[in-house]
Amino acid sequence: HNYHLLLLAQHCEHQYITNKMSNIRTIHDTPTASSNRFSMSPIGGNPIYVGTVFGIEITLHPLLLLYFVISAALPWLLNSSTMTMKVWLYLVVVNIPLLFGTVLLHELGHCFATRKVGGEVHGILLWPLGGLAYIGHSGDAKDDLIVSIAGPLTHIPQALLWYGLSQAFTRGTFMDMLCVQALWLNISLMLFNLFIPCYPLDGGRIFAASLQLMKVRVDIAAKICAFVSLVCALGIGLYGFLYNEIIAMFIGFWCAQESYNLYVHTKEERLQEHQLFSKYAIETNDGPYNQI
């Protein structure tokens, strides 16, 4: 199913925006009252405004609409002789509203946690590789950990809800299969996000914050994160290659690129410029980096 192609992609990587109160940065510009939401797009294009949830602006990348069309058409194109309307409807519901509804709740988890630690939330962008929460805060490593882990933890109540609903339907019916699929989707996303320490995915941010809480020297922590992330990225890419999961290969390539970028910042002693470690790295007379 197309849903499996996106499962790895829906790590729901939350991106932190650069702003005067945030010490965690990303390359994207900070949306301001006078700027438009187009600056939130990670790969160009003009994000489409769809509404506001709890004061948080929700936008869709135009490529996501293309994904929706492909997701709806592909089952018929690949299995035209055996495809039925019931199966097609099931695939469409799983690949579009169920998958991206789950992603949206995940990103809202990051946003609510950011507000809890006194940070700012500027919006959520849904795109073909998942969700991006544009957030920033000036807290410490503990706050980083709270914000990073909040997204994956949203899958616990979601999974419990879908399990409860599945008990209300006869086994093997359309609604029962949908509930079971949603249950396993949430379990998979939670485990993937919590236990794959690959930057810039949630697990990589959790890993980095944990190293800082253990008082690991900043440059050493960055090197560890870069190496571990690269290994994970290669694993994700290899999985995509072996199982013909194109999006998984894209995710692996993207993570490998970000891991290499982190390594370069470490090698060139520029961690104070990196979005993940800038708040922990300062120049001192004793060396390029020290613990704040």
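Residues numbered from 1 in each chain as written. Predicted model: local features only at pLDDT ≥ 70, side-chain atom pairs only at ≥ 80, totals over all residues. Heavy atoms only, no water.

## Let's talk about the packing of aromatic side chains
In step 1: Following the criterion strictly, the structure yields seven aromatic pairs and no others.
In step 2: When the ring of Phe68 is compared with that of Phe100, the centres are 5.7 Å apart and the planes differ by 80°; the resulting orientation is edge-to-face. With Phe68 in helix H2 (residues 62–78) and Phe100 in helix H3 (residues 85–116), this residue pair connects regions lying 32 residues apart in the sequence.
In step 3: Judged by relative accessible area, Phe100 falls into the buried class, the value being 4%. (Phe/Tyr/Trp six-rings, centres within 6.5 Å; stacked < 30°, edge-to-face > 60°. Helix = DSSP H or I, 4+ residues; strand = E, 2+ residues; numbered from the N terminus. Buried < 20%, exposed > 50% of the residue type's maximum accessible area, 1.4 Å probe, protein only.)

## Some points on helix H4 (residues 141–153)
In step 1: Its 13 residues place the ends of H4 18 Å apart at the C-alpha level, agreeing with the 18 Å of an ideal helix rising 1.5 Å per residue.
In step 2: Listed as buried for H4 are Ala141, Asp143, Asp144, Val147, Ser148, Ala150, Gly151 and Pro152.
In step 3: Considering only its buried residues, H4 is in contact with H3, strand S4 (130–136), helix H5 (155–166), helix H6 (174–195) and helix H7 (202–213). (Expected span 1.5 Å × (residues − 1). Contact = heavy atoms within 4.5 Å.)

## Section: the environment of Ile247
In step 1: Within the secondary structure, Ile247 sits in helix H9 (residues 246–267).
In step 2: Given the relative accessible area of 17%, Ile247 is considered buried.
In step 3: Distance from Ile247 to Gly237, taken between C-alpha atoms, is 9.1 Å for residues 10 residues apart in sequence.

## Examining the environment of Asp219
In step 1: Note on placement: Asp219 falls in helix H8 (residues 218–242).
In step 2: Asp219 gets classed as buried once you look at its relative accessible area, which sits at 11%.
In step 3: Separated by 48 residues in sequence, Asp219 and Lys267 have C-alpha atoms that sit 8.9 Å apart.
In step 4: Among the polar contacts made by the side chain of Asp219, one reaches the side chain of Arg217 at a distance of 2.7 Å. (Polar contact = N/O pair within 3.5 Å; in protein donor to acceptor, adjacent residues only side chain to side chain.)

So yeah, pure geometry; function would need other evidence.
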